[in-house]
Amino acid sequence: SSLTKARSKPKFSQRSIDHMDVLAAIKLKPNQPYDFLIRVESSSWLDLPTDFITCHSLITKAPNVDLKTGIIYGVLLGLLIYNLLLYFTTRVVSYILLVPMVLTGLLFLMTLDQLGFRFLWPELPALNAYSIHSSVLLFNFFCVIFSWEFLKVKESHRSISILFVVSLRNHPLS
């Protein structure tokens, strides 16, 4: 069945419907009771899609979702460019440290929204499993580095400085 195909992690171009939120199309007769048995198995992070929606509601909902997503990505890209400009004009290190933090935040959102899978790595479905973990680890790593620099922990708070060093040394990326 089409749900069995969804299980096998096809490339984005092999989906039955070219949409990020649709795994499979199921044709059902109206006004009929249905029982569904769904078996889910995952070796990685899982976002279980459980909505059954009509084609009409998918089409009417899409522009609003696209607008909200566009606004969020636009604000984050604006923040990224703004911090780059601030860094190049002031040479304050904390501005440039925000850039990788925003980039990894964007990567995380793109992975959650499946925009990365659709546009950046459509032929590599297995990469989605790694991109969630990687982007969260990178985001946390850059948050700690930014906080260290922005709060000037080394100069002002020696006792807290030890916590930052320990968290960076124990971070999986270190």
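Residues numbered from 1 in each chain as written. Predicted model: local features only at pLDDT ≥ 70, side-chain atom pairs only at ≥ 80, totals over all residues. Heavy atoms only, no water.

1. Thoughts on the overall build of the protein chain
For the record, the criterion: In DSSP terms, a helix is any run of H or I states spanning at least four residues, a strand is any run of E spanning at least two, and both are numbered starting from the N terminus. Only protein chains enter the accessibility calculation, which uses a 1.4 Å probe; a residue whose area is less than 20% of its type maximum is buried, one above 50% is exposed, and one in between is partly exposed. Residues count as neighbours in contact if any of their non-hydrogen atoms are within 4.5 Å of one another. Accessible surface is estimated by sampling points in the Shrake-Rupley manner with a 1.4 Å probe; for residues, cover comes only from the protein chains shown.
Of regular secondary structure, the protein chain possesses 7 helices and 0 strands. When its helices and strands are written in sequence order, the protein chain yields α-α-α-α-α-α-α. In the protein chain, which comprises 174 residues, the share counted as buried stands at 25%. Residue pairs at least 24 apart in sequence account for 54% of intrachain contacts in the protein chain once pairs closer than 6 positions are excluded. By element, 64% of the accessible surface of the protein chain is carried by carbon and sulfur atoms, the whole surface being about 12700 Å².

2. With respect to the pattern of salt bridges
Note the threshold: Salt bridges are identified by distance alone: a Lys or Arg side-chain nitrogen within 4 Å of an Asp or Glu carboxyl oxygen.
For the structure shown, the criterion picks out 1 salt bridge. In this structure, the salt-bridge partner of Lys 152 is Glu 149, at a minimum N-O distance of 3.4 Å. Owing to a relative accessible area of 24%, Glu 149 belongs among the partly exposed residues under this scheme.

3. Describing the side chain of Thr 104
Residue position: Thr 104 is located in helix α3 (residues 93–112). For Thr 104, a relative accessible area of 7% corresponds to the buried category. Every residue in contact with Thr 104, bar those within four places of it in the chain, is listed here: Ser 135, Leu 138, Phe 139 and Phe 142.

4. A look at a nonpolar patch on the surface
Here is the rule: Think of a patch as exposed residues, more than 30% relative accessible area, with no salt bridge, where like charges cluster within 9 Å and nonpolar side chains (Val, Leu, Ile, Met, Phe, Trp, Tyr) cluster within 5 Å.
A cluster of nonpolar side chains, contributed by Ile 26, Leu 28, Tyr 34, Phe 36, Ile 38 and Phe 52, occupies part of the molecular surface with about 560 Å² of accessible area. Counting through the fold element by element, Tyr 34 comes out in the loop between α1 (2–7) and α2 (55–90).

5. A look at the nonpolar core
For clarity, the cut-off: Put simply, a nonpolar core is a bunch of buried Ala, Val, Leu, Ile, Met, Phe, Trp, Tyr and Cys residues held in one set by side-chain atoms that sit within 4.5 Å of each other.
By size, the foremost hydrophobic cluster in this structure holds 7 residues: Tyr 73, Leu 80, Val 99, Val 102, Leu 106, Met 110 and Leu 115. Of all elements in the fold, only α2 and α3 reach the threshold of two or more residues within this core. For this core, the leading source of residues is α3, giving 4 residues. In contact with Met 110, other than residues within four places in its own chain, are Tyr 73, Leu 115, Gly 116 and Leu 120. The next biggest cluster of nonpolar side chains, apart from the first, holds 6 residues, and it includes Leu 98, Met 101, Phe 141 and Phe 142.

6. What to know about the confidence of the model for the protein chain
It should be kept in mind that the predicted coordinates are not to be read in detail where pLDDT is low. Here is the rule: Scored between 0 and 100, pLDDT is the confidence that the predictor attaches to each residue.
Per-residue pLDDT for the protein chain has a mean of 77; in total, 73% of the residues score no lower than 70. Confidence, expressed as mean pLDDT per element, reaches its minimum in the protein chain at α1 with 45 and its maximum at α3 with 91. Between residues 1–8, whose pLDDT stays under 50, and residues either more than four places distant or in other chains, the model counts 8 contacts.

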